[in-house]
Amino acid sequence: MKQNPLQNRYINESIKGKGEKAVENEHLIERAKKGDLQAYSHLITYYSPIVERFAYQMGNSFADIPDITQEVFIRVYRFLDGFSYAKFTTWLYKITLNVSRDFKRKENQHNNRVKKIGNEPSENVITPQGRILRQEEDRMLHECIQKLDGKYQIPIILYYFHEKKYEEMAEILSINLSTVKTRLLRGKNLLKKELEEAEKREGRLNG
Amino acid sequence: MDDKMLEKRMELLNQSYKKIPDQTNPSDIIQAIKQEGKSQKKRPLIHWPYVASFIGVLLIGAVLILQLTMDEPGRQNGNQADFAGESDQRLQREIEDAKAQYELRKTQAMERLGFTEVIFNSTVIAREAGRHLTYIESIPKRDFSNERKVEWVKRASEELDQILATPDVMMKNLKAPLSKEEAEVWMDDFIKKEQDVLPRYEDVLNDYKEYWKPHVENGKFNMKEFNHMKNDYPPKLWLLRDGIFNNAVKLTYNSETDRLETTLDVEYFRMITNREALPEGYELYLITRFDPVIQAGELTGTWKEAADRLMEYEKMLKELPDNSRFRVEVKHEYNLLYQYFTDGNVYQPIFDERDELKSHVEETYRYIMKEYPDYTTSLHLKEVYEELRRMNFVKPDRWVQKTPVILSSEAEEIYKD
């Protein structure tokens, strides 16, 4: 089968496109470091989808995502002077992780108080997941991921949904490389088990 | 479920995630950034005094003295089988290696902190490392086998690494979760080192006033602007700035003293370190240590912030073990702050001239009862509140309030049993 003669051109342009974007972002970061808020605004436009997705994947309420994202970019701006481009995304993920944890902690405190005064949230309340993830299977998997302990959940998210390599995960999480690999493997096994049980509860068989 | 099926499901979920609409409006964030510097807590007038620490060296000395006095008889004159010349050379090599390591680590520490040699030599870190090196050099003079001496030199060299580890190295190496015992030692070391370097940065920075003063706007120091002018600064100032950033040092301007002041940058610390590494009580302790709510006898922030801090102290007292070296200090801070809520202080009484509870203090009581219903402190303050409410919030003639005792969780377990 003859290869499409344009294919290499498409591939090269796609790679070139990525390379150009990386160079552009590097310049934006340098300008933002010098106080150029317009440059920083462009960076926010580019990176905010990543931050939003990561925050949501970690189990934050959809309604909290704008607040979390705002806090992330405020903190990133504060520490921007210390970043090189190569480290920028690592910092972005680190900060998102920290802000997300802080928000979750506050939310847990609130939920504990709500339960205490007898307004226990019903297990059957329809969460907004239904409006955000349309497919039942996706919702189920998303909820199974939420049930994982944080130390397994985060490597799973970074690996599958953000294509992070082990080395970058180790930097983001401030753990050793071997610990990343162990947690990823264990997390995958736990997730499979969780998913199988969820499907059984739903009355489905999945081979 | 096999791996392939899981991969497929994850891929589908990933596609669904990418379809979720974005919610961020960059201009809102830019606006928030512009507003960021405008509200800031009042900076404390009193610096944290730094105290020279000899404990590490004393401990090492004590261990060695114990070894000397408890050594087995008959070995004091060395192993007869040693080939004296060869083992002497080995000992010398180890000592030379230790000295070379000392020089290397010292240079690295200076670079990491951004200090000149003169400034670095004035730190406790440098003095302690110097004493340790003197001890290493004195080992050959001791009347023990060379084998034993080599062991001591190696151990002392490892301790040199720890002594010369700067705060940034300590933070980066904080990866695996620490036990409470390990956290005690780590925290003590980290705080001492930060307290050692913070005043040095202040003193040196205030020598470079002509460079940073132009970046004080409306009584606030604009760190970003200061960083922009990098190329105009002397190299030593720029190295210093790198040291400040990497070692979690935060700069603020004190308009009353016209000086830049330093404290721990807690946000940076939390960003750099593995959040799972320190047990919760210890992380809280670090945060509160460098961000006091009471200075010169008055609250540095709002009553609500003081209320949050009071609860944090309770949490710490529950988390810290009974033998924690930080417990006494936290207990003292807790007691003092609790009394502020029941009795006020000289500058901020809680009752007005008609002996009525001030409205903002009453609000804070209600805030505590609502936000922290499970806390022991909250239950006690609720009783205080009820007592005042029965008197229409007028201070009774006899007004004596006791501070609750907060037990550690390990003590609570014992009492439960």
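Since we're looking at a predicted model, the values are computed, not measured. (Residues numbered from 1 in each chain as written. Chains lettered and ligands numbered in written order. Predicted model: local features only at pLDDT ≥ 70, side-chain atom pairs only at ≥ 80, totals over all residues. Heavy atoms only, no water.)

*Asks:* A description of the pattern of salt bridges should follow, citing residues and the corresponding values.
*Replies:* It is possible for side chains bearing opposite charge to pair when their charged atoms get close. Residue and element names in this part refer to chain B. One pass over the structure, following the stated rule, counts 46 salt bridges over all chains. Salt-bridge contacts for D258 lead to K213; the nearest nitrogen and oxygen are separated by 2.9 Å. Separated by 45 residues along the polypeptide, D258 in the loop between strand 3 (249-254) and strand 4 (259-264) and K213 in the loop between helix 10 (209-212) and strand 1 (216-217) bring together distant segments of the chain. Take K213: its relative accessible area is 32%, and that puts it in the partly exposed class. Note that R270 and E283 form a salt bridge whose closest N and O atoms lie 3.8 Å from each other. Remark: E283 occurs in helix 14 (residues 280-289) and R270 occurs in helix 13 (residues 266-272); sequence separation between them is 13 residues. In this structure, R270 and E283 share a single accessibility class: buried. (Salt bridge = Lys/Arg side-chain N within 4 Å of Asp/Glu carboxyl O. Helix = DSSP H or I, 4+ residues; strand = E, 2+ residues; numbered from the N terminus. Buried < 20%, exposed > 50% of the residue type's maximum accessible area, 1.4 Å probe, protein only.)

*Asks:* Would you mind going over the side chain of H215(B) in detail, with residue names and values included?
*Replies:* Relative to the assigned elements, H215(B) resides in the loop between helix 10 and strand 1. Only 3.2 Å separates the side chain of H215(B) from the side chain of Y233(B), close enough to count as a polar contact. (Polar contact = N/O pair within 3.5 Å; in protein donor to acceptor, adjacent residues only side chain to side chain.)

*Asks:* Can you break down empty space enclosed by the protein residue by residue, with the values?
*Replies:* Applying the stated rule across the entire model yields four cavities of 30 Å³ or more. Elements with a minimum of two residues in the lining of the largest cavity: helix 4 (85-116), helix 7 (150-162) and helix 8 (166-173) of chain A together with helix 13 of chain B. Tallied by class, the residues present in the lining of the largest cavity amount to seven nonpolar, five polar and seven charged. Roughly 60 Å³ of volume is contained in the second largest cavity. Every residue lining the second largest cavity is listed: P49(A), E52(A), R53(A), Y56(A), F62(A), I65(A), Y17(B), I20(B), P21(B) and D22(B). If one sorts the elements of the lining of the second largest cavity by residue count, helix 2 (residues 37-57) of chain A sits on top with four residues. Considered class by class, the residues forming the lining of the second largest cavity number seven nonpolar, no polar and three charged. (1 Å grid on protein atoms, 1.4 Å probe; cavity = no way out; pocket = protein on both sides within 12 Å on 5 of 7 lines; lining within 4 Å. Points joined across faces, edges and corners; volume = space filled by probe spheres on them. Nonpolar A, V, L, I, M, F, W, Y, C, P; charged D, E, K, R; others polar.)

*Asks:* How would you explain the interface of chain A and chain B if you had to name every residue and give the values?
*Replies:* With 63 residues of chain A at the interface, the matching set in chain B holds 52 residues. Buried area between chain A and chain B, both sides added, is near 5500 Å², and the carbon and sulfur share of it is 57%. The interface formed by chain A and chain B holds 10 salt bridges in total. Among the salt bridges present, the one from K192(A) reaches D3(B), with a minimum N-O distance of 2.5 Å. Linking chain A with chain B are 15 residue pairs in polar contact (both at pLDDT 80 or more), by the criterion used here. (Contact = heavy atoms within 4.5 Å. Buried area = accessible area lost by both parts, 1.4 Å probe.)

*Asks:* Give me the lowdown on the packing of helix 3 (residues 65-79) of chain A against helix 2 (residues 26-36) of chain B, citing residues and values where you can.
*Replies:* As a packed pair, helix 3 of chain A and helix 2 of chain B sit with axes 10 Å apart at the nearest point and diverge in direction by 50 degrees. In terms of axis orientation, helix 3 of chain A runs oblique to helix 2 of chain B. When the axes of helix 3 of chain A and helix 2 of chain B are compared, the crossing they make is right-handed. Here helix 3 of chain A contributes T69(A), Q70(A), F73(A), I74(A) and Y77(A) to the contact with helix 2 of chain B, which in turn contributes D28(B), I29(B), A32(B), I33(B) and E36(B). Taken together, the residues of the contact of helix 3 of chain A with helix 2 of chain B sort by class into six nonpolar, two polar and two charged. (Axes fitted to C-alpha atoms, helices over the stretch in contact; angles between N-to-C directions. Parallel < 35°, antiparallel > 145°, perpendicular 65-115°, else oblique. Left-handed = near helix turned anticlockwise from the far one by under 90°.)

*Asks:* Tell me what's going on with the nonpolar core, and back it up with residues and numbers.
*Replies:* It is characteristic of soluble globular proteins that their nonpolar side chains tend to be buried jointly. Counting 170 residues, the largest nonpolar core has Y40(A), L337(B) and F341(B) as its most contacted members. When residues in this core are grouped by element, the largest group, 10 residues, is from helix 9 (residues 180-207) of chain B. If we skip the residues at most four places from it in the chain, Y40(A) touches A32(A), F73(A), V76(A), Y77(A), L80(A), I30(B) and I33(B). (Core = buried A, V, L, I, M, F, W, Y, C linked by side-chain atoms within 4.5 Å.)

*Asks:* Residue-level account of the packing of aromatic side chains, with values.
*Replies:* Inspection of the entire model under this criterion finds 33 aromatic pairs over all chains. An angle of 80 degrees between the planes, with centres 4.9 Å apart, marks the rings of F161(A) and Y17(B) as edge-to-face. Residue F161(A) is found in helix 7, and its partner Y17(B) is found in helix 1 (residues 3-19); the two belong to separate chains. On the accessibility criterion, Y17(B) (1% relative accessible area) is buried. Considering the side-chain rings of F245(B) and Y268(B), the 5.1 Å spacing of their centres and the 65 degrees angle between planes classify their relative orientation as edge-to-face. Of this pair, F245(B) sits in helix 12 (residues 235-246) while Y268(B) sits in helix 13, and the two are 23 residues apart along the sequence. F245(B) gets classed as buried once you look at its relative accessible area, which sits at 14%. Accessibility expressed as a relative area gives 3% for Y268(B), which makes it buried. Clustering of aromatic rings is evident, with ring pairs tying together Y56(A), F62(A), F161(A) and Y17(B). (Phe/Tyr/Trp six-rings, centres within 6.5 Å; stacked < 30°, edge-to-face > 60°.)

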